[in-house]
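Residues per chain, in single letters:
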Amino acid sequence: MPATAHTPASPPASHPVSVLGLGMMGTALAAALLKAGHPTTVWNRSAAKTGPLAAQGATPADTAGDAVTASPLVIACLTTNDNVRELFAPLTAELRGRTLVNLTNGTPSQARELAAWAREHGISYVDGGIMAVPQMIAGPQAYILYSGDEDAYTAHRDTLAALADTKWVGTDAGLAALWDLALLTGMYGMDLGVSQAYALIGSAGVPAKEFAPLLLEWVVAMTHGMVPGTAEALDSGQHLTDVSSLAVNQAAVPNAAAAFAEQGVQDLLFASLRPLLDRAVAEGHGADGLSRLSELLRTP
């Protein structure tokens, strides 16, 4: 289902919030809530991290239990979901009747397990995927994906909007993590390609700053066409192309791989792409476009 975005038309009323976990992201989240006027209680295993937020008006909690009972909305931003289970397992009585919004990076199955655990204990659970770095929080380009208990999300949506634009992706608690990881996959794939491009051009002594403008222009142009074009092909099931067929790419990739070897640069990108292209052509998809590869990845 498509993500549903919501931005409040006017500033929300002030509502108490507790934030547990004050790494760089958790600190940014708490600061955004304070700036928006929400009474914010904060807790961290290392109590010293509450100091800067206390100076901004936050209330430090002595214990995690105190933080939970201070607010009807509890936001967790820890290192792993194992940390989430470890922290909140002894606090089910304190959490009962409250909403736990888990903004810890994790997998879809972990989110579903946490949602089931929360239901058993009368806790409303919303999972989230933050699509921003700490410096972007509360800025115009930041957004957070949410899934799970829709009633709880709706009740606290305007408060959560103080952190970033909100995008609802469904009642399956695992969907926010799935969307998050899919988006990150695109980012990491781009980063690997960009890293290999710099490594290759750098092997000839070309300064990265000299190459950067052309690389940026090329990547942006290709992304603007490729991302929506691939989506249309996948949804329609029509993968024929008037740009570059899989057979043509299969023939070209060995040249790229050879160039990396000649320049003494490690090749991870084409080493992964080449066998997938070989499989696509062997299975009769040589005339198709690169969009066909996404379908092949789902049927290993």
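Note that the coordinates shown come from a computational prediction; the quantities given were computed from them, not determined experimentally.

Looking at the domain arrangement of the chain
Examined at the domain level, the chain breaks down into domain 1 (17–173) and domain 2 (207–297). The C-alpha centroid of domain 2 is placed 39 Å from the C-alpha centroid of domain 1.

As for the nonpolar core
Judged by nonpolar contacts, the single largest core of 32 residues is most densely connected at Leu29, Ile75, Leu103, Tyr146 and Leu163. Secondary-structure elements contributing two or more residues to this core are strand S2 (17–20), helix H1 (24–35), strand S5 (73–76), strand S7 (124–131), strand S8 (143–148) and helix H7 (150–160). Residue contributions to this core peak at 7 residues, all from H1. Look past the residues within four positions of Leu163 in its chain and what remains in contact with it is Leu29, Ala32, Leu33, Ile75, Leu103, Ile137, Ala138, Ile144 and Tyr146. One finds Leu20, Ala76, Phe88 and Ala173 within the second-largest nonpolar core, a separate group that totals 22 residues.

Let's talk about the packing of aromatic side chains
By convention here, two paired aromatic rings are described through the distance between centres and the angle between planes. What the rule picks out here adds up to 4 aromatic pairs. Measuring from ring centre to ring centre gives 5.9 Å for Tyr198 and Phe211, while their planes differ by 75 degrees; the resulting arrangement is edge-to-face. A residue pair is termed long-range when its members are at least 10 positions apart, and Tyr198 in helix H8 (residues 175–202) and Phe211 in helix H9 (residues 208–236) qualify at 13 residues. Taking relative accessible area as the criterion, Tyr198 reaches 30% and is therefore assigned partly exposed. Between Phe260 and Phe270, the ring centres sit 5.9 Å apart and the planes meet at 55 degrees, which makes this aromatic pair tilted. Residue Phe260 is located in helix H10 (residues 246–263), and its partner Phe270 is located in helix H11 (residues 269–282); the two are separated by 10 residues in the primary sequence.

Let's talk about unusual backbone geometry
The phi torsion of most residues other than glycine is negative, and most of the peptide bonds are trans. Despite not being glycine, Ala138 shows a phi value in the positive range, around 70 degrees. With respect to the secondary-structure elements, Ala138 resides in the loop between S7 and S8.

Describing the UniProt feature "domain: 6-phosphogluconate dehydrogenase NADP-binding" (unreviewed entry) in the chain
In this numbering, the UniProt entry assigns the feature "domain: 6-phosphogluconate dehydrogenase NADP-binding" (unreviewed entry) to residues 17–165. Helix and strand shares over residues 17–165 are 40% and 22% respectively, and the end C-alpha atoms of the span are 17 Å apart.

Focus: the UniProt feature "domain: NADPH-dependent reductive aminase-like C-terminal" (unreviewed entry) in the chain
Under the UniProt annotation, "domain: NADPH-dependent reductive aminase-like C-terminal" (unreviewed entry) lies at residues 172–298. In residues 172–298, helix accounts for 75% and strand for 0%; the two terminal C-alpha atoms are 21 Å from one another.

So, H1
Helix length check: H1, at 12 residues, gives a terminal C-alpha distance of 17 Å against a target of 16 Å (1.5 Å per residue), a fit within 8%. Those residues of H1 not exposed but buried are Met25, Gly26, Ala28, Leu29, Ala30, Ala32, Leu33 and Leu34. At its buried positions, H1 is contacted by S2, strand S3 (40–43), helix H2 (51–55), S5, S7 and H7. Backbone geometry just after H1 places Gly37 at a positive phi near 95 degrees.

So, the side chain of Asn44
With respect to the helices and strands, Asn44 occurs in the loop between S3 and H2. Here Asn44 falls in the buried class, since its relative accessible area comes to 12%. A distance of 2.8 Å separates a polar atom in the side chain of Asn44 from the backbone nitrogen of Leu22. Polar side-chain contacts of Asn44 include one of 3.1 Å to the backbone oxygen of Ser46. Once residues within four sequence positions are removed from consideration, Asn44 is found in contact with Gly21, Leu22, Gly23, Lys49 and Thr50.

Some remarks on the environment of Gln196
Tracing the backbone through its elements, the reader meets Gln196 in helix H8. Residue Gln196 is classed as buried on the basis of its relative accessible area of 6%. When neighbours within four sequence positions are excluded, Gln196 is seen to be in contact with Phe260, Gln266, Asp267, Leu268 and Leu269. Looking at Gln196, its side chain comes within polar contact range of the main-chain nitrogen of Leu269, at 2.8 Å.

Some points on a nonpolar patch on the surface
On the surface, Met187, Tyr188 and Met190 cluster together into a nonpolar patch covering about 330 Å² of accessible area. By the element assignment, Tyr188 lies in helix H8. For Tyr188, a relative accessible area of 55% gives the class exposed.

Regarding the packing of H10 against H11
For the pair H10 and H11, interaxial distance at closest approach is 9 Å and the crossing angle is 155 degrees. It follows that H10 is roughly antiparallel to H11 by the angle criterion. Crossing hand, H10 versus H11: left-handed. The segment H10 lies against H11, with Leu246, Ala247, Asn249, Gln250, Val253, Pro254, Ala256 and Phe260 engaging Phe270, Leu273, Arg274, Leu277, Asp278, Ala280 and Val281. Looking at the contact of H10 with H11 residue by residue, the class counts come to 11 nonpolar, 2 polar and 2 charged.

Definitions and limits used
Residues numbered from 1 in each chain as written. Predicted model: local features only at pLDDT ≥ 70, side-chain atom pairs only at ≥ 80, totals over all residues. Heavy atoms only, no water. Domains from an automatic or database assignment. Core = buried A, V, L, I, M, F, W, Y, C linked by side-chain atoms within 4.5 Å. Buried < 20%, exposed > 50% of the residue type's maximum accessible area, 1.4 Å probe, protein only. Helix = DSSP H or I, 4+ residues; strand = E, 2+ residues; numbered from the N terminus. Contact = heavy atoms within 4.5 Å. Phe/Tyr/Trp six-rings, centres within 6.5 Å; stacked < 30°, edge-to-face > 60°. UniProt positions renumbered as here; feature names shortened; annotations may be inferred. Expected span 1.5 Å × (residues − 1). Polar contact = N/O pair within 3.5 Å; in protein donor to acceptor, adjacent residues only side chain to side chain. Patch = residues over 30% accessible without salt bridge, like charges linked within 9 Å, V, L, I, M, F, W, Y side chains within 5 Å. Areas by Shrake-Rupley, 256 points an atom, 1.4 Å probe, with all protein chains shown as cover. Salt bridge = Lys/Arg side-chain N within 4 Å of Asp/Glu carboxyl O. Axes fitted to C-alpha atoms, helices over the stretch in contact; angles between N-to-C directions. Parallel < 35°, antiparallel > 145°, perpendicular 65-115°, else oblique. Left-handed = near helix turned anticlockwise from the far one by under 90°. Nonpolar A, V, L, I, M, F, W, Y, C, P; charged D, E, K, R; others polar.

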